Amino acid sequence: MAETLLSIRDLSIAYEVGSKDVVAVSGASFDVPQGTIVGLVGESGCGKTTMARALTRVIADNARIDGGAMQFDGQDLAALSERDMNALRWRDISFIPQSAMNSLDPVYRVEYQIIEVLRDRGGMRKAQARARAVELFEMVGIDPGRLRDFPHQFSGGMRQRAAIALALALNPKLVVADEPVTALDVIIQRQILDQLRGLQRELGLSVIMVTHDISVVAYICDRTVVMYAGKVVENCDTATLLNEPLHPYSMGLKNAFPDLQSAGTGVLTPIAGSPPDLIDPPKGCRFAARCPFATDLCRNTEPALTEAAPDHHVACHRASEAAVLRETAKDPATWGAVT
Ligand SMILES: Nc1ncnc2c1ncn2[C@@H]1O[C@H](COP(=O)(O)OP(=O)(O)OP(=O)(O)O)[C@@H](O)[C@H]1O
Ligand code: SF4
Ligand SMILES: [Mg+2]
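The notes below deal with the structure included here. Model, not experiment: these values are computed from the prediction. (Residues numbered from 1 in each chain as written. Chains lettered and ligands numbered in written order. Predicted model: local features only at pLDDT ≥ 70, side-chain atom pairs only at ≥ 80, totals over all residues. Heavy atoms only, no water.)

## Thoughts on the site of ligand 2
Step number 1: In the vicinity of ligand 2, 13 residues are found, and the nearest of them are Cys285, Cys291, Cys298, Cys316 and His317.
Step number 2: A per-class count over the shell around ligand 2 returns ten nonpolar, two polar and one charged. (Near = heavy atom within 4 Å. Nonpolar A, V, L, I, M, F, W, Y, C, P; charged D, E, K, R; others polar.)

## What to know about the sheet that holds strand S4 (residues 63-72)
Step number 1: Strand order across the open sheet formed by four strands is S2-S1-S4-S5, with antiparallel pairing between neighbours. What marks the edges here is a single partner per strand, and that holds for strand S2 (20-33) and strand S5 (75-76).
Step number 2: Sheet topology places strand S1 (residues 4-17) next to S4; eight bridges connect them, and they run antiparallel. Its bridge partner lying in S4, serine 7 is registered against glutamine 71.
Step number 3: Strand contacts of helix H1 (residues 48-56): S1, S2 and S4, with the helix running at about 115 degrees to S1, the strand carrying the most contacts. (Pairing = 2+ DSSP bridges. Helix = DSSP H or I, 4+ residues; strand = E, 2+ residues; numbered from the N terminus. Contact = heavy atoms within 4.5 Å. Axes fitted to C-alpha atoms, helices over the stretch in contact; angles between N-to-C directions.)

## Considering the coordination of the magnesium ion (ligand 3)
Step number 1: Bound to the magnesium ion (ligand 3) are the protein donor atoms Thr49 (OG1) and Gln98 (OE1), situated 1.9 to 2.3 Å from the metal. Highlighted residues: threonine 49 in helix H1 and glutamine 98 in the loop between strand S6 (93-96) and helix H3 (110-120), separated in sequence by 49 residues.
Step number 2: Among the residues examined, threonine 49 registers a relative accessible area of 23% and is labelled partly exposed. (Donors = N, O, S within 2.8 Å, 3.2 Å for Na, K, Ca; no water. Buried < 20%, exposed > 50% of the residue type's maximum accessible area, 1.4 Å probe, protein only.)

## Topic: the state of the cysteines
Step number 1: According to the stated counting rule, one finds zero disulfides in the structure shown.
Step number 2: Here cysteine 221 stays free of any disulfide, with the sulfur of cysteine 236 as its closest cysteine sulfur at 12 Å. (Disulfide = S-S within 2.5 Å.)

## Remarks on the packing of H3 against helix H4 (residues 126-139)
Packed helix pairs are characterised by how far apart their axes lie and by the angle those axes make with each other.
Step number 1: With their axes 9 Å apart at the nearest point, H3 and H4 run at an angle of 120 degrees to one another. Crossing of H3 against H4: the hand is right-handed. For the pair H3 and H4, the contacting residues are Val110, Glu111, Ile114, Ile115, Leu118 and Arg119 in the first and Lys126, Ala129, Arg130, Arg132, Ala133, Leu136 and Phe137 in the second.
Step number 2: Each residue belonging to the contact of H3 with H4 can be placed in one class, and the counts come to eight nonpolar, no polar and five charged. (Left-handed = near helix turned anticlockwise from the far one by under 90°.)

## Considering the packing of aromatic side chains
Note on aromatic pairs: each is described by the distance of the centres and the angle between the planes.
Step number 1: Applying the stated criterion across every chain, the model contains five aromatic pairs.
Step number 2: Taken together, a centroid distance of 6.2 Å and an interplanar angle of 45 degrees make the contact between phenylalanine 137 and phenylalanine 154 tilted. Highlighted residues: phenylalanine 137 in helix H4 and phenylalanine 154 in the loop between H4 and helix H5 (156-168), separated in sequence by 17 residues.
Step number 3: Owing to a relative accessible area of 0%, phenylalanine 137 belongs among the buried residues under this scheme. (Phe/Tyr/Trp six-rings, centres within 6.5 Å; stacked < 30°, edge-to-face > 60°.)

## What about unusual backbone geometry?
Step number 1: Although it is not a glycine, aspartate 10 sits at a positive phi angle of roughly 55 degrees.
Step number 2: One can find aspartate 10 in strand S1.
Step number 3: Notably, aspartate 73 is not glycine yet its phi reads approximately 50 degrees, a positive angle.

## Section: the site of ligand 1
Step number 1: As a matter of local geometry, ligand 1 sits amid 17 residues, with Ser44, Gly45, Lys48, Thr49 and Thr50 nearest to it.
Step number 2: Between an oxygen atom of ligand 1 and a side-chain N or O atom of serine 44, the distance comes to 2.5 Å.
Step number 3: The side chain of threonine 49 places a nitrogen or oxygen atom 2.8 Å from an oxygen atom of ligand 1.
Step number 4: When ligand 1 sits alone it has 640 Å² of accessible area, and the protein chains cover 68% of it.
Step number 5: At the level of secondary structure, the elements contributing two or more residues to the shell around ligand 1 comprise S1, S2 and H1.
Step number 6: By residue number, the principal contributor to the shell around ligand 1 is H1, which donates three residues.
Step number 7: Partitioned by chemical class, the residues of the shell around ligand 1 number seven nonpolar, seven polar and three charged. (Polar contact = N/O pair within 3.5 Å; in protein donor to acceptor, adjacent residues only side chain to side chain. Areas by Shrake-Rupley, 256 points an atom, 1.4 Å probe, with all protein chains shown as cover.)

Next comes the structure, spelled out in structure tokens:
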């Protein structure tokens, strides 16, 4: 197994809202092995962006890291001073924010924005930065002749590629990409994911791929961490997650998204209901109200994340029955029956 680049242990992050706390990430633990793509998947509001932002410590003013550790290459990101953290950003860990394709400044040419990062963060001189910008555009498949365009002259896919180029500018060890292909059509999604995969292999990068779409995970991720309502509920290699999920939420997610390979054929079964309020979450399993397999134990006692099989972590009281539950979960009526 590859060496661990990032190890997150018992991480909790809360947002202060008035006198209350929204605990957006609650006791999360997982590892990112060197040179792998790790998916962070779950539905809207489960804490993916909060987790991704905590890794670069670019968090909202009302956010607070409430405990836990983020060991990256021998240092705890949660404990670093702002100055030391700043030195790591772009150079060691870079972040592609959600809606990155809209994050380029419309007022400046794309080239200027890339060169600024290379000069500011990489200490490059102008000519060197210009040459690197050309190289980066070639890497992500944009004609360097377009460098002097303004962002509005780019298509959505090109702007997303430019955001990826920016993230790779200083050869980071880890790229955290928050929903990098969400707003794009399936063909462009595939092209960009193929490119990212190619670059990841060529450069030996580690990537955290944040997505709500399990078909993106299936397409590109080596490992997958499934989040539900601020908790990590399953964590294993992607093939195992897709073929032998142990958590009912993972089983449901699989039914709910079209396959990127088959471009959306097949019946989709959404998971009825919505996640719990993170200000006052239920005392038992957070998925219990939507889970077709919930028991009284589930409703009363929170399941801990445990290693149910080698290198396969899950938080479910019924994980030992997963083979049987998987068969039942394949039937759409199983999910339709939950109110
Ligand atoms: N600044 C904030 N103040 C208060 N609550 C917040 C803040 N930012 C996020 N939240 C809440 O924290 C929870 C997690 O949000 P987060 O953005 O991390 O989810 P997400 O999984 O990235 O969702 P999406 O798929 O919609 O991007 C949600 O309940 C959200 O409403
Ligand atoms: S612990 Fe119970 S409610 Fe929660 S996912 Fe497992 S079976 Fe469903
Ligand atoms: Mg998000």
